Amino acid sequence: MKQLTQRAATVELAIASALQDLGVTRNEVEIKVLENGRKGFLGFGAREAEILVTVTKQKPAKQRAPQVTDGVTESDESRTLNEVSEVPSIVTEPAPEVVEEPAAELQPEPIIVSELEQQPTMLYPIDDMNEETSNLKKYSEAEAIEETKRYIEDVANNMGITDLAITYETKGKYINFQLDSEKAAFLIGKRGQTLNAIQQLAQLVANKVTHQFKIVRVDVADYRERREQSLEQLADRMADRAIRTKRQVALEPMPSYERKVIHNALSRRLDVETFSEGKDPYRHIVIKGIE
């Protein structure tokens, strides 16, 4: 009994590859799924599917057609070409053709639209429709939160962080994730660059699942609050420098929400003005004194 272990991105691809390698059809094997594949997101958390294929029906060995000698012995090989031409040609039975199942059978069966169109149209009360919409919103939001949590955990595991604890709260369109770990510094990175990247990717994951646009905020050990205070102090110092030197002061590139903190902090001052220059990820704030 022949067996083959095959790995691929999905179970269907693994089955198709194994059938091609063994030269058999789907009806001639027994398939056992050892591990389901997982796509992951942007390379994180991806896992290949693994199957075990066992050949249950052995193909019969091809029988060689008997040689037609018609009384011709091995010594007759020395006869002339005319004598040999009288020997009838050897007829060999054609090998049975192996018909492989088309790969299209691995695809899910299409929905028959005609049957759906035959169903009568149902009119629901507005209250029922609002209730269904509310349930759909809650379901999609809960699914988005769980998928985002799994993604953040996968990122932390790839960084070697195994003690990560995640809590969250929702406020309207905002989903706030709070991370806790003894290796919080690894999650934050230099000036919050790692944390900003995790937050940006987490928002992409959440909006991939939910039916309503969500704004995801990721924080570690209240770093965001401490960062805002630091940015406000930086804004005042740089504004004073712009007034003292009578020259424009350009700050380092920042993400949009950090630039917003700078703008808001200096909006109460009447002696300076702020504006942004450049394109992300190099977009930065310029502080200019007003004479």
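Along every chain, residues carry numbers that run from 1 in the direction the sequence is written. Whole-chain, interface and lining totals are the exception, using all residues; otherwise, since this is a predicted model, local features are given only for residues with pLDDT of at least 70 and side-chain atom pairs are given and counted only at 80 or more. Excluding hydrogens and water, the side-chain figures rest on all heavy atoms present in the structure.

For clarity, the threshold we go by: UniProt positions are given in the numbering used here, feature names are shortened, and annotations may be inferred rather than shown by experiment.
The name given to the chain in an unreviewed UniProt entry is RNA-binding protein KhpB, with the source organism recorded as Sporosarcina newyorkensis 2681. UniProt, in the comment section headed Subcellular location (unreviewed entry), describes the chain in these words: "Cytoplasm". Quoted verbatim from the Subunit (unreviewed entry) field of the UniProt record, the comment on the chain reads "Forms a complex with KhpA."

**Comments concerning the overall build of the chain**
So the rule is basically this: In this text, helices come from DSSP runs of H or I with a minimum length of four residues, and strands from runs of E with a minimum of two, each type numbered from the N-terminal end. Buried, partly exposed and exposed residues are distinguished by accessible area as a fraction of the type maximum, computed with a 1.4 Å probe on protein chains only: under 20%, between the cut-offs, and over 50%, respectively. Each accessible area is a Shrake-Rupley estimate made with a 1.4 Å probe; only the visible protein chains count as cover when residues are assessed.
What the chain contains, in helices and strands, is 8 helices and 9 strands. Buried residues in the chain amount to 27% of all 291 residues. Per element, the accessible surface of the chain, about 21,000 Å² overall, is 50% carbon and sulfur.

**Here we look at the pairing of strand E8 (residues 272-277)**
What counts, and what does not: At least two bridges found by DSSP between two strands are what make those strands a pair.
As defined by bridge partners, E8 adjoins strand E9 (residues 284-289) across 6 bridges and the pair is classed as antiparallel. In the sheet register, Glu-273 faces E9, and the bridge partner there is Lys-288. Connecting E8 to the next strand, E9, in antiparallel fashion are 6 residues, including Gly-278 with a positive phi near 85 degrees.

**So, the environment of Arg-224**
For clarity, the cut-off: Working rule for contacts: check all heavy atoms of both residues, and any pair within 4.5 Å makes them a contact.
On the secondary structure map, Arg-224 appears in helix H7 (residues 223-245). Of the residues examined, Arg-224 reaches a relative accessible area of 13% and is grouped as buried. Setting aside its immediate chain neighbours within four residues, Arg-224 contacts Leu-195, Asn-196, Gln-199, Val-218, Asp-219 and Tyr-257.

**Quick word on the nonpolar core**
For the record, the criterion: What is meant by a nonpolar core is a set of buried Ala, Val, Leu, Ile, Met, Phe, Trp, Tyr and Cys residues, joined one to another through side-chain atoms within 4.5 Å.
Of all hydrophobic cores here, the largest spans 24 residues; its most connected members are Ile-152, Leu-164, Phe-177, Leu-179, Leu-187, Val-218 and Val-220. Elements supplying a minimum of two residues to this core: helix H4 (126-158), strand E5 (174-180), helix H5 (184-188), helix H6 (193-209) and strand E6 (215-220). Tallying contributions element by element places H4 first for this core, with 6 residues. Met-238, Ala-242, Ala-265 and Val-272 belong to the second largest nonpolar core, which has 15 residues in total.

**Quick notes on the side chain of His-284**
Keep this limit in mind: Polar contacts, as used here, are pairs of N or O atoms within 3.5 Å; protein pairs need one atom able to donate a hydrogen and one able to accept it. Residues neighboring in sequence count only if both atoms are side-chain atoms.
Positionally, His-284 belongs in strand E9. A polar side-chain atom of His-284 sits 3.3 Å from the main-chain carbonyl oxygen of Tyr-282.

**Considering the pattern of salt bridges**
Stated precisely, the cut-off is as follows: Every case where a carboxyl oxygen of Asp or Glu lies within 4 Å of a side-chain nitrogen of Lys or Arg is listed as a salt bridge.
Tallying each qualifying case throughout the model produces 11 salt bridges. When the shortest N-O distance is used, the salt bridge between Lys-214 and Glu-141 registers 2.8 Å. Here Lys-214, found in the loop between H6 and E6, pairs with Glu-141, found in helix H4; they are 73 residues apart in sequence, far enough to count as distant. Glu-141 sits in the buried class, given a relative accessible area of 17%. Several salt bridges share partner residues, and in doing so they unite Asp-236, Asp-240, Arg-268, Arg-269 and Asp-271 into one network.

**A short note on the sheet that holds strand E2 (residues 29-35)**
Stated precisely, the cut-off is as follows: To obtain each axis, a line is fitted to C-alpha atoms, and for helices this fit is confined to the stretch in contact; angles are then taken between N-to-C directions over 0 to 180 degrees.
Reading across the sheet, the 3 strands line up as E1-E3-E2 and stay open at both edges, with antiparallel pairing between neighbours. The open sheet terminates on both sides in strands that have one partner only, identified here as strand E1 (3-8) and E2. Each neighbouring strand pair of the sheet contributes to a mean axis angle of 25 degrees, computed without reference to strand direction. Bridge count between E1 and strand E3 (residues 49-55): 6 bridges; the pairing is antiparallel. By the bridge assignment for E3, Arg-7 is matched with Glu-50. Here helix H1 (residues 11-22) sits on the sheet and contacts E1, E2 and E3; the angle it forms with E1, its principal contact strand, is near 140 degrees.

**A short note on helix H8 (residues 256-266)**
Selection criterion: By construction, the arc corresponds to the directions joining the helix axis to the C-beta atoms.
Along H8, the residues classified as buried are Glu-258, Arg-259, Val-261, Ile-262, Ala-265 and Leu-266. Considered in projection along H8, the buried side chains sweep an arc of 150 degrees and stay on one side of the axis. Turned more than 90 degrees away from the buried face of H8 sit Ser-256 and Lys-260, all of them exposed. On the buried face of H8, the contacting elements are H6, H7, E8 and E9.

**Focus: unusual backbone geometry**
Of the consecutive residues Asp-280 and Pro-281, the connecting peptide bond is found in the cis state with omega at 5 degrees. Although it is not a glycine, Asp-222 sits at a positive phi angle of roughly 55 degrees. Mapping Asp-222 onto the fold places it in the loop between E6 and H7. Assessed through its relative accessible area of 44%, Asp-222 is described here as partly exposed. The residue Lys-246 is not glycine, and still its phi comes out positive at about 55 degrees. Within the secondary structure, Lys-246 is located in the loop between H7 and strand E7 (249-250). On the basis of relative accessibility, which here comes to 71%, the residue Lys-246 falls in the exposed class.

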